Structures are given as C-alpha cells and as structure tokens.
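# Structural characterization, general
One-letter residues, chain by chain:
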Amino acid sequence: MGNVGQEEAVPTAVNMSTKKKQLLSTAMKRTSEWISSQEIPSDVTVHVGGSSYTLHKFPLVSKCGYIRKLVSESTDADLSIIELPDLPGASEAFELVAKFCYGINFEITKDNIAMLRCASEYLEMTEDCSVKNLIERTEAYLTEVTLKSLSGAVSVLHLSEDFLPTAEKVKLVSRCIDTIAYIACNENHFGEKSNPSSLSNQKEIVDWWAEDLAVLRIDIFQRVLIAMMARGFKQYALGPILMLYAQKSLRGLEIFGKVRKTIEPQQEHEKRVILETIVSLLPREKNATSVSFLSMLLRSAIYLETTVACRLDLEKRMGSQLGHAVLDDLLIPSFSFTGDTLFDVDTVRRIMMNFLEQEMGGTNLAYSVDDGFVSPPPSDMERVGKLMESYLAEIASDRNLSVSRFISLGELIPEQSRVTEDGMYRAIDIFLKAHPSLTDLERKKVCSLMDCQKLSREACAHAAQNDRLPVQTVVQVLYYEQQRLRDVMNESSFSGGESPAIPPKVSVYTNIHPASDELSILRRENEDLKIEVVKLKMRLKEMEKLSVKSTVGSPVPNSTLPTAGKPPLPRKSLINSFSKKLGWLTPLVRDGFTPSNAKARAKPSKDRRHSIS
C-alpha cells in the first residue's frame, strides 16, 4: 500500500508544479503586456548581428534562460547591455524571439521554423523558464506539420544548413534526413522486385521530389542518399537523382566549348568536391546512368582537374557502356590548350582499352530480369567498331594529330568488329589529306591499318584513283578486286552450266539470261579495271623518268651511266615487278572474250610502231 501511495504522490507533485508554472507564466505574460502597454522606459540594450534593440529585462528573463544567467551572474547590478554575437538567425531571429517574449502574436511557418528552433535552443527557452515556451512550440510544429511531408522535410533541411552546428545539436538535420528517406522509400516502392529495365519510368517517378533534393548542399545530399539506401532504396535507382543534381550544381562550366573560361578558385574547388562526390555515389551496375551523362561528368572532371582516381573511374564506366555511345560522347575537347590535339585522344584510347578488357575478360555487367546479370550482346563489338571508325574520321583532320597516335588508336579496333573496311579507309583518306607532308614509310604504316580485301566496290573504285595512297596499296586494291571479280564469274559460270542437282523437269535455259547479264556487267567492270591499271603503269613510267632525270642530271632520259659501280636498274626492275604483278590481273582474257581483248591489245602495238618511226 505504501508503494501505491508513493506512486500516486509523484503525479500529484508534478501536477502541482505544472500548475505553479502555468500561473507564473500567466503572471509574467500579463506583466510583459502591461510593460509594453504602459510604455515603461527600457532598462537593457541587446546587440545582435549589428543591430541594437532597446528592451526590458523582465520579459526577456522570464522566457530566456540564457539571458537570465547573464543577468544573475553579472557583477554589475544594473546590467544594461547584453551581447548575443552567436545567435542563429541573428537579428531576424531575435526580432521574432522578442515578440514571443512580449506576447505579440506571429506566425510560425516552414520558412522560419528552423531558425526559431535553433534560436530558442541557443537562448535556452525551455519549459523550466515558462510553460509552452518557444522550444515546445517549434517542436510541436515540426512534428505535426513540417515533417509530415517530403517537401516540408527537404525545405527545413535546406534551411538548417545555415544554422549548423546548432541544427545538428538539436537533431534537426538527422530527423529531416530520416523523414526524407522514409517517405521516398515508401511512396516510390523501390523494393526487391523492381528491375533496372524500367529506369525510364522510375526517372519520371522521382523527378517530382529529386528536384527538391537538388537544392541541398553536397554533404547533406550525400547523407540523404546513404540514408535512403539504408532503408532499402536500390542503388541503381539513384541514377536519375544524381543526373538531376549534377545538371543543377555543375551548371556554368564550359565543357563543350573550345575556350576555357576562368572561374573563381573557391567556386572551382566547390564544384570539384561536388563532382568527386557524385562519382563516388554512382551505381556500379551497367546502364544505371546514360553514356551521355558519364561523358558530361568526364568532361567536367578533366576541366576541373579532379583526382586521377575519379577520372579513371569514369573512363572505366564509359568503357563498359561504349556499345551505347554516340560520336558526340567521345568528342571530348582537350582542355590543356598547349598546341596539342583538338580532342583528348588519350582519354578515348583508355576508354577503348577498358571496353576491350571487359569484353575479353567477361567482366562487363549487364542486367537480366530473371537472374540478375548476363554477358554483353555480341553486337556491341560491331557497334563499337563503327563508332571508333567514325571517331578516327572525325579527328583525322586535326593537323596536330601525330601518326603514332592515329595508328595506336586504329590498332585498337578489332578486325572482327569491322564487316567492311570502308570506314577505316575514309578515316585514312582524311588523315592523308590533312597531312600531305608524310613520308612514304609513314603513309604505308597508316594504310596498313586497312584490310584491302574487305573494301566495297565503291571504296575500291575510289582507292584506285586516289593519289594520296601509296602505289603498293593501290596495286593491292586492284589485285583483290580483280580476284573477287574472277571468283564471282567462276561461281556464275558454274551455276549457269548443267548440274546434276537440277531436277529433270526444270528447264536449264531459265538461268541463261540472268547469268549472261551478270557476265556482261562483270566484263565491263573488268575492262574498266584494266584501263585503270594501264593508266597506273603510265603514271609509274612518268615518275621513273622524272626520278632518273633528277638523279643523273642529264637531259637524256634513258642514260645508262653507272652509279657507284652499279647500273641504274632498280627503277626498271620495279616496273618489271609491277608488270609481273599486273599480269595476274588479266586472267579473264582466256575465259572466252578473246576477240574484244585482242583488238584492245592490237591498237597500242600499232601506236608503238608509229611512235618509233
């Protein structure tokens, strides 16, 4: 029974003390109102944030425990000046606190709740001083109004950034972060069953609140995302949020222009920290972010000169998704501006090497709805091959691009990724046109990147008349084209003849006319190629004559003076070797078309007899 009596006595004592506090607060409130209404002269001056307020001690002491301590502990009995240099919110916050102390009504909103909560904590406006003091009023508003919605929590969190570390002391920041993480995970349902194939739909879902997160400071933003992942928010779903935050926070960088604008060192440092933090938060899964977004981050990283680890991480991520990239994603300007290449070729080379390493090693992560990850599609290699050929053609016109860089980048393109060599031939042709001073050896090395057997007919026709290509390459192109034509004609003649595989009821003559038409077309193409070979031989003879004139220094073109004890026969032997090689190009003369070809050979012989006489 004694224990019960004691338990009943405790609430009774609490109730009595609460009633006394309420009566005291009511008396103080009436006294404060009477002081303000009677225009009693002030007895204290408060200095806050460069502003001065002439007030009365009693209303302030009755509500603010901090000011009560200052007055009671002061050696001066008539303390008339109070300094509040570190008050959160400064003069704006103190004006609202003074109104509260004097009993003047004002509205608490989500725009001033963070400031009032921190100011009341600083001034120790607790229940020990007065019932329903400012701390309790602000806590009630936070719990019942602000922290009930995601937008309200984000707004208070953003405003709390100006009142650190007091906002951390009262746990205002942590409560807002927990509220945001809880609401974001529950309302958007990024649970275990969601998969990355619906990232486009997820982006539309998160846009409405991700824009609010974009106003947060980068360290607070990072804490919010970590809290969201701790509550089950999938990391791959962070891609759209990070993209939106990066677009707003990195705005103003000239990462697409050819001229680098100077920015203030403080602003450059802030953007560098933002970028490195965003890269550290990127999802590790493939296709969680677009290649264009990764390219934008990489351009910014090079522009802001971030850490090497940050840039290498972005290059590796781009390499894993290179199959989905477009040409503009690789055209990264060179921000060194030291007279080097126009585009950052070395960065693209490392991206391509990352792609090849992941393709060959099988470390490329891709999504699968059923079992999580699958190997990359085989078409990626072909797409990347075409992309790199287009990139080579784009940078080939840069006069500062060296032969070694061009060749090293071209050698990275696997042969199995190139169905035809037309793209490589186009890049080589542009490079040779932009670098007319290359030596014969350098041109041969550049042309060695191309497999002449895989050129199309249009490319072969262009290469046969291309003066920029080495002579050996032109002859090789003509030889392979002639060989291809011969193979096609052999196959056509075999399909046009009698075959035991043809059913007896099917007429053999039904295939004669199509075969003869194709043979006539091939015959004309063969004659055109022969004409090109003759022109090439004539051009070689003219070059030989000019070279002999320049070396011997005599007007006689066919001088046979020996040089260093050796006859000047290498030029003639070179022509003879070409003639032997070109002899392979006329095997069709024996295929049943001798009359027209015989006439074509008879006319030049007559011309040569007339020219000798």
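Preceding this paragraph is the structure being described.
Throughout what follows, the structure given in this document is the object of discussion.

Conventions used here
Residues numbered from 1 in each chain as written. Predicted model: local features only at pLDDT ≥ 70, side-chain atom pairs only at ≥ 80, totals over all residues. Heavy atoms only, no water. Helix = DSSP H or I, 4+ residues; strand = E, 2+ residues; numbered from the N terminus. Buried < 20%, exposed > 50% of the residue type's maximum accessible area, 1.4 Å probe, protein only. Areas by Shrake-Rupley, 256 points an atom, 1.4 Å probe, with all protein chains shown as cover. Pairing = 2+ DSSP bridges. Axes fitted to C-alpha atoms, helices over the stretch in contact; angles between N-to-C directions. Contact = heavy atoms within 4.5 Å. Phe/Tyr/Trp six-rings, centres within 6.5 Å; stacked < 30°, edge-to-face > 60°. Expected span 1.5 Å × (residues − 1). Core = buried A, V, L, I, M, F, W, Y, C linked by side-chain atoms within 4.5 Å. Salt bridge = Lys/Arg side-chain N within 4 Å of Asp/Glu carboxyl O.

### Side note on the overall build of the protein
- Broken down by element type, the protein carries 26 helices and five strands.
- Taking all 613 residues of the protein together, the buried fraction comes to 42%.
- Accessible surface, the protein: about 34,000 Å² in total, of which carbon and sulfur atoms supply 54%.

### Section: the sheet that holds strand S3 (residues 81-83)
- The three strands are arranged S2-S1-S3 in an open sheet whose pairing can be described as mixed. Edge positions in the open sheet fall to strand S2 (51-55) and S3, since each of these has one partner strand only. Taken over all neighbouring pairs, the strand axes of this sheet differ in orientation by 20° on average, direction set aside.
- Summarising the sheet, strand S1 (residues 44-48) and S2 pair through five bridges and their orientation is antiparallel. Bridged to histidine 47 within S2 is serine 52.
- Across the face of the sheet, helix H4 (residues 90-101) comes into contact with S1 and S2 while running at roughly 15° to S2.

### A few points about the side chain of threonine 289
- Mapped onto the elements of the fold, threonine 289 is located in the loop between helix H13 (265-281) and helix H14 (291-304).
- Here threonine 289 is in contact with Gly239, Leu282, Pro283, Leu294 and Gln321, once residues within four sequence places are set aside.

### A word on the packing of aromatic side chains
- Across all of its chains, the model carries five aromatic pairs by this definition.
- Plain terms: the ring middles of tyrosine 53 and phenylalanine 94 are 5.3 Å apart, the flat faces sit at 50° to each other, and that makes the pair tilted. Taken as a pair, tyrosine 53 in strand S2 and phenylalanine 94 in helix H4 lie far apart in primary sequence, 41 residues in all.
- A residue is classified by how much of its surface remains accessible, and phenylalanine 94, at 1% relative accessible area, is buried.

### Side note on unusual backbone geometry
- In this model, leucine 164 is joined to proline 165 through a cis peptide bond whose omega is 5°.
- With respect to the secondary-structure elements, proline 165 resides in the loop between helix H7 (150-160) and helix H8 (166-169).

### Thoughts on the environment of lysine 99
- Relative to the helices and strands, lysine 99 resides in helix H4.
- In this structure, the C-alpha to C-alpha distance between lysine 99 and proline 59, residues 40 residues apart in sequence, is 9.8 Å.
- For lysine 99, the contacting residues outside a window of four places in its chain are Ile104 and Phe106.

### Re H13
- For H13, with 17 residues, the first-to-last C-alpha span of 25 Å sits near the 24 Å given by 1.5 Å per residue.
- For H13, every residue scored as buried is listed here: Glu268, Lys271, Ile274, Leu275, Thr277, Ile278, Val279 and Leu281.
- Buried residues belonging to H13 abut helix H11 (218-230), helix H12 (239-249), H14 and helix H15 (308-320).

### Details of the nonpolar core
- Ile241, Leu297, Tyr391 and Phe406 are the most contacted members of the largest nonpolar core, which has 153 residues in total.
- No other element matches H14, which puts ten residues into this core.
- Setting aside residues up to four positions removed in sequence, tyrosine 391 forms contacts with Leu327, Leu330, Leu331, Phe343, Asp344, Val345, Val348 and Leu409.

### What about the pattern of salt bridges?
- This model, assessed by the stated rule, comprises 15 salt bridges.
- Glutamate 124 is the partner of lysine 69 in a salt bridge, and the nearest nitrogen-oxygen pair spans 3.4 Å. With lysine 69 in helix H3 (residues 65-73) and glutamate 124 in the loop between helix H5 (113-122) and helix H6 (134-144), this pair connects stretches of sequence that are 55 residues apart.
- Salt-bridge contacts for arginine 272 lead to glutamate 268; the nearest nitrogen and oxygen are separated by 3.3 Å. Of this pair, arginine 272 and glutamate 268 are both found in helix H13, four residues apart, which corresponds to roughly one turn of the helix.
- Within this structure, Arg117, Glu121, Glu139 and Arg175 form a network of salt bridges that share partners.

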